[in-house]
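Listed here are the chains, written in short residue letters.
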Amino acid sequence: MAISRRSFLQHAAIGTSTLLAARAQAQRGPIAPPDQQSADAKLPEVVSRKLGVAIVGLGKLALEEVLPAFGECKYAQPVALVSGHPDKAKRVAAAYKIPAEAIYDYAGYEKLANNAKVDAVYIILPNSMHAEYTVRALKVGKHVLCEKPMATSVAEAEQMISAASANKRTLMIAYRLQYEPTHLRAIEICRKQELGALKIIRATNCQDTKAPNIRLSKALGGGPLQDVGVYCINGARYLTGEMPIEVTAIEHRSSEPRFAEVPESVAFTMRFPSGVISHASCSLGSAESRHLEVLAREGAFEIENAFTYRGLKMRVRRAGKPNGRPNEIVEPKIEERNHFADELDAFAQAILSNKPIRTPGADGLADLRVIAAIEQAARTGRAVKLG
Ligand code: NAD
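Residues numbered from 1 in each chain as written. Predicted model: local features only at pLDDT ≥ 70, side-chain atom pairs only at ≥ 80, totals over all residues. Heavy atoms only, no water.

Trainee: I tried to follow the packing of helix α4 (residues 130-139) against helix α5 (residues 154-166) on my own but got confused; where do I start?
Mentor: Contact pair α4 / α5: the axes reach a minimum separation of 9 Å and the direction vectors enclose 10 degrees. Classified by the interaxial angle, the pair formed by α4 and α5 is roughly parallel. Side by side, α4 and α5 meet where His130, Ala131, Thr134, Val135 and Leu138 of the first sit next to Glu156, Gln159, Met160, Ala163 and Ala164 of the second. Considered class by class, the residues forming the contact of α4 with α5 number 6 nonpolar, 3 polar and 1 charged. (Axes fitted to C-alpha atoms, helices over the stretch in contact; angles between N-to-C directions. Helix = DSSP H or I, 4+ residues; strand = E, 2+ residues; numbered from the N terminus. Parallel < 35°, antiparallel > 145°, perpendicular 65-115°, else oblique. Contact = heavy atoms within 4.5 Å. Nonpolar A, V, L, I, M, F, W, Y, C, P; charged D, E, K, R; others polar.)

As structure tokens, then:
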């Protein structure tokens, strides 16, 4: 076979460099001795101390999501339990290697003060108990992570915030979606106006809740707005970065016995200072639907399973010119993470490294102000302005 001069020279050059590399490797040996190895090896972060958390309330969320999530946490660990069920608490403690002495009942809650391993408590009780157990923990010097909704009234939320400030402790509200990658990407799209100015936000968070359930009890702070609607309110607030200035609402009071104390469904609109209008539906009596759609000037995005624990999926549509109809649809690849773990780590890091928190008591209070306005609008049939 004929070889061109150019090809011959190329082969010769490759041959020489391969030979030189092999000779250098032979002189070095198969691996460099320790004193000749690079000193700039990358060290993973050494976590010197994890935040010790007492779980208060061992219901469905605590057992099925929160306690397992600690397995994926870097900065937080469960070190104590507070429960009204001693047998259940013993089984849970054994499963998570929590000593039996670190199990407390509600009456003995303040004894947490004597357990130096407990830095913070995570309140996962019925909504009506959030304020009391938050304030009691703050008074004995513990930091607090409190489930949503923060409380059952604006007044309770204000007391919780005052107690945190008076006792110089951190109070964070467990708005897990503000730690979830798809929602973080949604916030980025909105903040950077990647699809132009925001116009409309449409949210649906509905489920079928069977009795008995804390969500169906007025005394325990239940109701569709409090349980699922709050995600639509919080979501519209973190996507716009604004507080609504006016709301309208209607509710349906069902004759079904399970809805004797709380409305079955509420639909509401929120008007934001920038002109964004958000409309939302929440229900405890319908088939499940968790959808979020955001329309902007030059495109839109939606999130399927927007308020669930896993399986969130974003679809972005860009409007084509000149008719404004969507002509490009992309489904960005977004890493699925255990956002309960990320939320717990964010809480722990804020306390251990004295960093600001993303979802403080003020965030929970703002939502309660909106809920109060929506309830008033539904009751009176009139638009309610928020100061
Ligand atoms: P749940 O009914 O399963 O658990 C409530 C726990 O509180 C139980 O362990 C129960 O024994 C205890 N409890 C103590 N005193 C009680 C009383 N007087 N009446 C009833 N229960 C009492 O409820 P859950 O679904 O685990 O919800 C608990 C909290 O977590 C609520 O505030 C809820 O809004 C919140 N939550 C948040 C999410 C989320 O995604 N962040 C999901 C579900 C629930």
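From this point, the narrative continues.
Trainee: Sorry, what's going on with the sheet that holds strand β2 (residues 76-82) here?
Mentor: Neighbouring strands of a sheet are bound in pairs by backbone hydrogen bonds; such pairs are parallel or else antiparallel. Spatially, 6 strands are ordered β3-β2-β1-β4-β5-β6 in an open sheet, and the strand pairing comes out parallel. Of all the strands in the sheet, just β3 (103-104) and β6 (171-173) have a single pairing partner and so form its edges. The sheet contact formed by strand β1 (residues 51-56) and β2 spans 6 bridges and is parallel. Paired with Leu51 across the bridge in β2 is Ala76. (Pairing = 2+ DSSP bridges.)

Trainee: Is there a simple way to explain the site of the ligand in this structure?
Mentor: The environment of the ligand is made up of 21 residues, and the closest members are Lys60, Asn127, Lys148, Arg176 and Arg215. Within the side chain of Glu147, one N or O atom sits 3.0 Å away from a nitrogen atom of the ligand. Here an oxygen atom of the ligand and a side-chain polar atom of Tyr231 are 2.9 Å apart. Within the complex, 80% of the 840 Å² of free accessible area of the ligand lies under protein. At the level of secondary structure, the elements contributing two or more residues to the shell around the ligand comprise α2 (60-69) and α7 (224-240). When the residues that make up the shell around the ligand are grouped by side-chain class, the tally is 11 nonpolar, 4 polar and 6 charged. (Near = heavy atom within 4 Å. Polar contact = N/O pair within 3.5 Å; in protein donor to acceptor, adjacent residues only side chain to side chain. Areas by Shrake-Rupley, 256 points an atom, 1.4 Å probe, with all protein chains shown as cover.)

Trainee: Would you mind going over the packing of aromatic side chains with me for this structure?
Mentor: Any pair of aromatic rings gets described here by the distance separating the centres and the angle formed by the planes. In total, this model carries 4 aromatic pairs according to the counting rule given. Aromatic side chains Tyr106 and Tyr133 sit 5.6 Å apart centroid to centroid with 75 degrees between the ring planes, which places their arrangement in the edge-to-face category. With Tyr106 in the loop between β3 and β4 (120-123) and Tyr133 in helix α4, this residue pair connects regions lying 27 residues apart in the sequence. Ring centres of Tyr309 and Phe340 lie 5.2 Å apart, and the angle between their planes is 70 degrees; this geometry places the pair in the edge-to-face category. Of this pair, Tyr309 sits in the loop between β12 (299-304) and β13 (313-319) while Phe340 sits in helix α8 (residues 339-352), and the two are 31 residues apart along the sequence. A relative accessible area of 4% places Phe340 in the buried class. An aromatic cluster is defined as three or more aromatic residues linked by ring pairs; in this entry it consists of Tyr106, Tyr109 and Tyr133. (Phe/Tyr/Trp six-rings, centres within 6.5 Å; stacked < 30°, edge-to-face > 60°. Buried < 20%, exposed > 50% of the residue type's maximum accessible area, 1.4 Å probe, protein only.)

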